[in-house]
Amino acid sequence: QVQLVESGGGLVQAGGSLRLSCAASGRTFSSYAMGWFRQAPGKEREFVAAISWSGGSTYYADSVKGRFTISRDNAKNTVYLQMNSLKPEDTAVYYCAAADTIVVVTTTLKGIDYWGQGTQVTVSS
């Protein structure tokens, strides 16, 4: 069993930066691929970024590529999402997720094993 708790959300002006953190409980954190998703009001949850269990592979949605960076620290059971050059369209609730493989994280919501409760990110224009 893995529990995920996000933090770091907030209100920021366009062009600003935020760093989200996702702290995981459980001794098997390092065996999971991790990802970040987001959901804006009235829209479906969408993939943002993913990282393999070792941190050696990362993937990004085209909309955030070059602006967001995902990383993980297995010693601290934590995954991060550094968000730079934020835009109003990045406004959403951001969710941390864990799955068996990075392929699952990047291809299907149904394969996600664990979700966090979400943290709100609001970017003002």
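A. Region of the structure containing the pattern of salt bridges. The tally for this structure, following the rule as stated, stands at 4 salt bridges. Measuring nitrogen to oxygen at the nearest pair gives 2.6 Å for the salt bridge that ties R38 to E46. The buried category is assigned to R38, whose relative accessible area is 6%. Looking at E46, the relative accessible area reads 35%, which means it is partly exposed. Two residues, K65 and D62, come together in a salt bridge whose shortest N-O distance is 3.1 Å. Three or more residues joined by partner-sharing salt bridges are found here, namely R38, E46, R67 and D90.

B. Layout of the packing of aromatic side chains. One pass over the structure, following the stated rule, counts 4 aromatic pairs. With a centroid separation of 5.8 Å and 80 degrees between ring planes, the pair formed by Y32 and Y114 is classed as edge-to-face. Here Y32 is found in the loop between β3 (18-25) and β4 (33-39), whereas its partner Y114 is found in strand β10 (residues 114-115), with 82 residues between them in sequence. When sorted by exposure, Y32 lands in the same class as Y114, which is buried. Plain terms: the ring middles of F37 and W115 are 5.1 Å apart, the flat faces sit at 65 degrees to each other, and that makes the pair edge-to-face. Taken together, the residues F37 in strand β4 and W115 in strand β10 connect sequence positions 78 residues apart.

C. Spotlight on the environment of V12. By the secondary structure assignment, V12 is in strand β2 (residues 10-13). We classify V12 as buried; its relative accessible area is 13%. Those residues in contact with V12, other than ones at most four positions away along the chain, are S17, L18, L86, T122, V123 and S124.

D. Molecular detail of the sheet that holds strand β7 (residues 68-73). Strand order in the open sheet made by the 4 strands is β1-β3-β8-β7, with antiparallel pairing throughout. Each edge of the open sheet carries a strand with a single partner, namely β1 (3-7) and β7. With direction set aside, neighbouring strand axes in the sheet form an average angle of 15 degrees. Pairing geometry for β7 and strand β8 (residues 78-83), over 6 bridges, is antiparallel. Looking at the pairing, I70 lines up with L81 of β8.

Cut-offs and rules
- Residues numbered from 1 in each chain as written.
- Predicted model: local features only at pLDDT ≥ 70, side-chain atom pairs only at ≥ 80, totals over all residues.
- Heavy atoms only, no water.
- Salt bridge = Lys/Arg side-chain N within 4 Å of Asp/Glu carboxyl O.
- Buried < 20%, exposed > 50% of the residue type's maximum accessible area, 1.4 Å probe, protein only.
- Phe/Tyr/Trp six-rings, centres within 6.5 Å; stacked < 30°, edge-to-face > 60°.
- Helix = DSSP H or I, 4+ residues; strand = E, 2+ residues; numbered from the N terminus.
- Contact = heavy atoms within 4.5 Å.
- Pairing = 2+ DSSP bridges.
- Axes fitted to C-alpha atoms, helices over the stretch in contact; angles between N-to-C directions.

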